[in-house]
Amino acid sequence: MCAEFKVSRSPVREALQMLADRRLVEKTPRQGYVVRQLNLTEIHELYELRLVLETYIMEQVCKTGIDESTLAALKRRWAQVYETLPEMIADPVTVDENFHQALARAVGNQAMVDMLSNIDARIRFVRMFDITNAERLKATCLQHLETLEAIERRDAAKAVDVLRRNIEGGRIQAENAVKEALASAHAIYG
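What you are looking at is a predicted structure, and each value in this text was computed from that prediction instead of being measured.

(A) Main features of a nonpolar patch on the surface. Taken together, the side chains of Met-1, Phe-5 and Val-7 define a hydrophobic patch exposed on the protein surface, amounting to about 310 Å² of accessible area. Classification of Val-7 as partly exposed rests on a relative accessible area of 36%.

Listed below in C-alpha coordinates is the structure:
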(Lines give C-alpha, C1' and ligand atoms only; values in the text may rest on other atoms or scores of the structure.)
Protein backbone atom coordinates (compact mmCIF):
# COMPACT_ATOMS: atom_id res chain seq x y z
CA MET A 1 0.00 0.00 0.00
CA CYS A 2 2.89 2.33 0.75
CA ALA A 3 4.28 1.87 -2.75
CA GLU A 4 0.88 2.08 -4.42
CA PHE A 5 -0.07 5.33 -2.69
CA LYS A 6 3.49 6.67 -2.50
CA VAL A 7 3.36 7.34 1.25
CA SER A 8 5.36 6.21 4.25
CA ARG A 9 4.26 3.42 6.57
CA SER A 10 2.98 5.70 9.34
CA PRO A 11 -0.06 7.10 7.50
CA VAL A 12 -0.92 3.62 6.20
CA ARG A 13 -0.69 2.17 9.72
CA GLU A 14 -2.83 5.02 11.08
CA ALA A 15 -5.46 4.57 8.37
CA LEU A 16 -5.61 0.80 8.91
CA GLN A 17 -5.88 1.28 12.67
CA MET A 18 -8.73 3.75 12.15
CA LEU A 19 -10.54 1.20 9.97
CA ALA A 20 -9.93 -1.48 12.59
CA ASP A 21 -11.27 0.82 15.33
CA ARG A 22 -14.43 1.28 13.28
CA ARG A 23 -14.60 -2.49 12.80
CA LEU A 24 -14.38 -2.24 9.02
CA VAL A 25 -11.25 -4.38 8.90
CA GLU A 26 -9.87 -7.02 11.24
CA LYS A 27 -6.26 -7.10 12.35
CA THR A 28 -4.54 -10.42 12.83
CA PRO A 29 -1.19 -10.20 14.65
CA ARG A 30 1.79 -10.87 12.37
CA GLN A 31 -0.54 -11.48 9.40
CA GLY A 32 -2.05 -8.09 8.64
CA TYR A 33 -5.50 -6.76 7.97
CA VAL A 34 -8.49 -8.23 6.20
CA VAL A 35 -11.79 -6.56 5.24
CA ARG A 36 -14.65 -7.71 7.47
CA GLN A 37 -17.48 -9.61 5.85
CA LEU A 38 -20.93 -8.03 5.90
CA ASN A 39 -23.07 -9.36 8.69
CA LEU A 40 -26.81 -8.68 8.41
CA THR A 41 -27.35 -9.34 12.11
CA GLU A 42 -24.76 -6.72 13.08
CA ILE A 43 -26.23 -4.22 10.60
CA HIS A 44 -29.70 -4.78 12.03
CA GLU A 45 -28.41 -4.42 15.61
CA LEU A 46 -26.58 -1.17 14.78
CA TYR A 47 -29.75 0.28 13.23
CA GLU A 48 -31.66 -0.76 16.37
CA LEU A 49 -29.07 0.97 18.55
CA ARG A 50 -29.21 4.04 16.33
CA LEU A 51 -32.99 4.15 16.64
CA VAL A 52 -32.88 3.92 20.45
CA LEU A 53 -30.20 6.61 20.70
CA GLU A 54 -31.84 8.98 18.24
CA THR A 55 -35.27 8.51 19.80
CA TYR A 56 -33.84 9.70 23.10
CA ILE A 57 -32.06 12.57 21.34
CA MET A 58 -35.31 13.60 19.64
CA GLU A 59 -37.21 13.54 22.95
CA GLN A 60 -34.53 15.69 24.59
CA VAL A 61 -34.40 18.19 21.71
CA CYS A 62 -38.19 18.58 21.88
CA LYS A 63 -38.03 18.95 25.65
CA THR A 64 -35.18 21.47 25.87
CA GLY A 65 -35.49 23.12 22.47
CA ILE A 66 -32.87 23.83 19.85
CA ASP A 67 -30.95 26.95 18.94
CA GLU A 68 -33.04 28.94 16.45
CA SER A 69 -30.13 29.48 14.07
CA THR A 70 -29.38 25.73 14.00
CA LEU A 71 -33.04 24.94 13.36
CA ALA A 72 -33.24 27.57 10.60
CA ALA A 73 -30.04 26.29 8.96
CA LEU A 74 -31.33 22.71 8.98
CA LYS A 75 -34.65 23.80 7.48
CA ARG A 76 -32.89 25.80 4.77
CA ARG A 77 -30.57 22.93 3.90
CA TRP A 78 -33.33 20.34 3.52
CA ALA A 79 -35.65 22.75 1.69
CA GLN A 80 -32.74 23.45 -0.69
CA VAL A 81 -32.17 19.72 -1.28
CA TYR A 82 -35.91 19.28 -1.88
CA GLU A 83 -36.02 22.16 -4.37
CA THR A 84 -33.19 20.65 -6.46
CA LEU A 85 -35.04 17.35 -6.95
CA PRO A 86 -35.04 15.25 -9.07
CA GLU A 87 -31.32 16.09 -9.16
CA MET A 88 -29.35 14.06 -6.64
CA ILE A 89 -26.99 15.79 -4.24
CA ALA A 90 -23.34 14.75 -4.35
CA ASP A 91 -23.11 12.86 -1.04
CA PRO A 92 -26.54 12.20 0.45
CA VAL A 93 -25.15 9.99 3.22
CA THR A 94 -22.93 12.75 4.61
CA VAL A 95 -25.70 15.34 4.34
CA ASP A 96 -28.06 12.98 6.18
CA GLU A 97 -25.46 12.17 8.85
CA ASN A 98 -24.89 15.92 9.36
CA PHE A 99 -28.62 16.38 10.01
CA HIS A 100 -28.73 13.67 12.68
CA GLN A 101 -25.42 14.82 14.20
CA ALA A 102 -26.70 18.41 14.47
CA LEU A 103 -29.70 17.20 16.45
CA ALA A 104 -27.44 15.11 18.69
CA ARG A 105 -25.17 18.13 19.32
CA ALA A 106 -28.23 20.18 20.26
CA VAL A 107 -28.75 17.91 23.29
CA GLY A 108 -25.34 18.93 24.61
CA ASN A 109 -24.15 15.43 25.50
CA GLN A 110 -20.82 14.75 23.79
CA ALA A 111 -20.93 11.02 24.64
CA MET A 112 -24.16 10.71 22.63
CA VAL A 113 -22.64 12.63 19.72
CA ASP A 114 -19.60 10.34 19.79
CA MET A 115 -21.74 7.20 19.98
CA LEU A 116 -23.88 8.30 17.03
CA SER A 117 -20.74 9.14 15.08
CA ASN A 118 -19.37 5.67 15.80
CA ILE A 119 -22.59 4.01 14.67
CA ASP A 120 -22.62 6.16 11.53
CA ALA A 121 -19.05 5.14 10.71
CA ARG A 122 -19.86 1.45 11.16
CA ILE A 123 -22.95 1.51 8.94
CA ARG A 124 -21.75 4.12 6.44
CA PHE A 125 -20.91 1.53 3.83
CA VAL A 126 -24.41 0.03 3.83
CA ARG A 127 -26.07 3.46 4.14
CA MET A 128 -24.65 4.28 0.72
CA PHE A 129 -27.32 1.87 -0.57
CA ASP A 130 -30.08 3.79 1.23
CA ILE A 131 -30.51 7.13 -0.55
CA THR A 132 -29.72 6.09 -4.11
CA ASN A 133 -32.52 7.71 -6.10
CA ALA A 134 -34.62 10.86 -6.23
CA GLU A 135 -37.71 9.22 -4.70
CA ARG A 136 -35.82 8.05 -1.61
CA LEU A 137 -34.13 11.46 -1.31
CA LYS A 138 -37.52 13.15 -1.61
CA ALA A 139 -38.93 10.97 1.18
CA THR A 140 -35.90 11.77 3.34
CA CYS A 141 -36.28 15.51 2.71
CA LEU A 142 -39.96 15.47 3.61
CA GLN A 143 -39.30 13.40 6.74
CA HIS A 144 -36.51 15.72 7.90
CA LEU A 145 -38.61 18.82 7.27
CA GLU A 146 -41.54 17.23 9.12
CA THR A 147 -39.21 16.33 12.00
CA LEU A 148 -37.95 19.91 12.21
CA GLU A 149 -41.51 21.25 12.29
CA ALA A 150 -42.35 18.85 15.12
CA ILE A 151 -39.23 19.96 17.00
CA GLU A 152 -40.23 23.58 16.55
CA ARG A 153 -43.66 22.78 18.06
CA ARG A 154 -41.92 20.63 20.71
CA ASP A 155 -44.11 17.71 19.65
CA ALA A 156 -41.89 14.82 20.74
CA ALA A 157 -44.41 12.11 19.79
CA LYS A 158 -44.61 13.36 16.20
CA ALA A 159 -40.85 13.93 15.91
CA VAL A 160 -40.10 10.42 17.19
CA ASP A 161 -42.69 8.89 14.86
CA VAL A 162 -41.19 10.57 11.79
CA LEU A 163 -37.65 9.73 12.93
CA ARG A 164 -38.63 6.08 13.38
CA ARG A 165 -40.05 5.92 9.84
CA ASN A 166 -36.89 7.57 8.49
CA ILE A 167 -34.46 5.22 10.20
CA GLU A 168 -36.54 2.09 9.60
CA GLY A 169 -36.91 2.99 5.91
CA GLY A 170 -33.16 3.39 5.65
CA ARG A 171 -32.51 0.11 7.44
CA ILE A 172 -34.83 -1.79 5.14
CA GLN A 173 -33.29 -0.21 2.01
CA ALA A 174 -29.75 -0.97 3.21
CA GLU A 175 -30.50 -4.53 4.29
CA ASN A 176 -32.25 -5.31 1.00
CA ALA A 177 -29.31 -3.93 -0.96
CA VAL A 178 -26.86 -6.03 1.07
CA LYS A 179 -28.99 -9.15 0.57
CA GLU A 180 -29.07 -8.52 -3.18
CA ALA A 181 -25.31 -7.96 -3.28
CA LEU A 182 -24.65 -11.14 -1.31
CA ALA A 183 -27.00 -13.13 -3.56
CA SER A 184 -25.28 -11.74 -6.66
CA ALA A 185 -21.85 -12.53 -5.26
CA HIS A 186 -22.96 -16.06 -4.40
CA ALA A 187 -24.35 -16.55 -7.92
CA ILE A 188 -21.10 -15.34 -9.48
CA TYR A 189 -18.59 -16.96 -7.15
CA GLY A 190 -20.61 -19.92 -5.96
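(B) Structural detail: the pairing of strand β1 (residues 25-28). Here 4 bridges tie β1 to strand β2 (residues 32-35), and the two strands are oriented antiparallel to one another. Pairing of Thr-28 across the sheet is with Gly-32, part of β2. Hairpin geometry of β1 and β2 is characterised by an intervening segment of 3 residues between the two adjacent antiparallel strands and by a positive phi of about 60° at Arg-30.

(C) Region of interest: the packing of helix α4 (residues 68-84) against helix α7 (residues 134-153). At a minimum axis separation of 9 Å, α4 and α7 run at an interaxial angle of 155°. By the angle class used here, α4 and α7 are roughly antiparallel. In this structure, α4 meets α7 at a crossing whose hand is left-handed. Along its contact with α4, which presents Leu-71, Leu-74, Lys-75, Trp-78, Ala-79, Val-81 and Tyr-82, the element α7 presents Leu-137, Lys-138, Thr-140, Cys-141, Leu-142, His-144, Leu-145, Leu-148 and Glu-152. Broken down by class, the residue content of the contact of α4 with α7 amounts to 11 nonpolar, 2 polar and 3 charged.

(D) Just the environment of Leu-19, in detail. As for its position among the elements, Leu-19 is in helix α2 (residues 9-21). Judged by its relative accessible area of 27%, Leu-19 falls in the partly exposed class. For the pair Leu-19 and Val-95, spaced 76 residues apart in sequence, the C-alpha to C-alpha distance is 21 Å.

(E) Looking closely at empty space enclosed by the protein. Taken as a whole and assessed by the stated rule, the structure comprises 1 cavity of 30 Å³ or more. What the largest cavity holds in volume is close to 30 Å³. Together, Arg-50, Asp-96, Arg-127, Asp-130, Ile-131, Arg-136, Thr-140, Asn-166, Ile-167 and Gly-170 line the largest cavity. The greatest single-element share of the lining of the largest cavity, amounting to 3 residues, is contributed by helix α8 (residues 156-189). Considering only residue class, the lining of the largest cavity consists of 2 nonpolar, 3 polar and 5 charged.

(F) Here's a closer look at helix α6 (residues 110-127). Along its length, α6 reaches its greatest deviation from straightness, about 40°, at Ala-121. Met-112, Val-113, Leu-116, Ile-119, Asp-120, Ala-121, Ile-123, Val-126 and Arg-127 are the residues of α6 that are buried. For α6, the N-terminal capping position is held by Asn-109, with its side-chain oxygen 3.0 Å away from the main-chain nitrogen of Ala-111.

(G) Examining the packing of aromatic side chains more closely. Taken as a whole and judged by the stated rule, the model has 1 aromatic pair. On the basis of an interplanar angle of 80° and a centroid distance of 5.9 Å, the ring pair of Trp-78 and Phe-99 is categorised as edge-to-face. Note that Trp-78 is positioned in helix α4 and Phe-99 in helix α5 (residues 92-107), a separation of 21 residues in sequence. For the residue pair Trp-78 and Phe-99, the accessibility class agrees, reading buried in each case.

(H) Layout of the packing of helix α3 (residues 40-64) against α6. One can describe the packing of α3 onto α6 by two numbers: an axis separation of 10 Å at closest approach and a directional angle of 145°. You can see that α3 and α6 cross each other, and the crossing is left-handed. Contacts between α3 and α6 involve Glu-42, Ile-43, Leu-46, Tyr-47, Leu-49, Arg-50, Leu-53, Glu-54, Tyr-56 and Ile-57 from the first element and Met-112, Met-115, Leu-116, Ile-119, Asp-120, Arg-122, Ile-123, Val-126 and Arg-127 from the second. When grouped by side-chain class, the residues that make up the contact of α3 with α6 number 13 nonpolar, no polar and 6 charged.

(I) Just unusual backbone geometry, in detail. The peptide bond linking Leu-85 to Pro-86 adopts the cis configuration, its omega dihedral lying at 10°. Examined against the element boundaries, Pro-86 turns out to sit in the loop between α4 and α5. A positive phi is found at Arg-30, a non-glycine position, where the angle reads about 60°. Along the polypeptide, Arg-30 turns up in the loop between β1 and β2. Unlike most non-glycine residues, Arg-154 shows phi in positive territory, near 60°.

Definitions and cut-offs
- Residues numbered from 1 in each chain as written.
- Predicted model: local features only at pLDDT ≥ 70, side-chain atom pairs only at ≥ 80, totals over all residues.
- Heavy atoms only, no water.
- Patch = residues over 30% accessible without salt bridge, like charges linked within 9 Å, V, L, I, M, F, W, Y side chains within 5 Å.
- Areas by Shrake-Rupley, 256 points an atom, 1.4 Å probe, with all protein chains shown as cover.
- Salt bridge = Lys/Arg side-chain N within 4 Å of Asp/Glu carboxyl O.
- Buried < 20%, exposed > 50% of the residue type's maximum accessible area, 1.4 Å probe, protein only.
- Pairing = 2+ DSSP bridges.
- Helix = DSSP H or I, 4+ residues; strand = E, 2+ residues; numbered from the N terminus.
- Axes fitted to C-alpha atoms, helices over the stretch in contact; angles between N-to-C directions.
- Parallel < 35°, antiparallel > 145°, perpendicular 65-115°, else oblique.
- Left-handed = near helix turned anticlockwise from the far one by under 90°.
- Contact = heavy atoms within 4.5 Å.
- Nonpolar A, V, L, I, M, F, W, Y, C, P; charged D, E, K, R; others polar.
- 1 Å grid on protein atoms, 1.4 Å probe; cavity = no way out; pocket = protein on both sides within 12 Å on 5 of 7 lines; lining within 4 Å.
- Points joined across faces, edges and corners; volume = space filled by probe spheres on them.
- Bend = angle between axes of the 7 residues up to and from the residue.
- Polar contact = N/O pair within 3.5 Å; in protein donor to acceptor, adjacent residues only side chain to side chain.
- Phe/Tyr/Trp six-rings, centres within 6.5 Å; stacked < 30°, edge-to-face > 60°.

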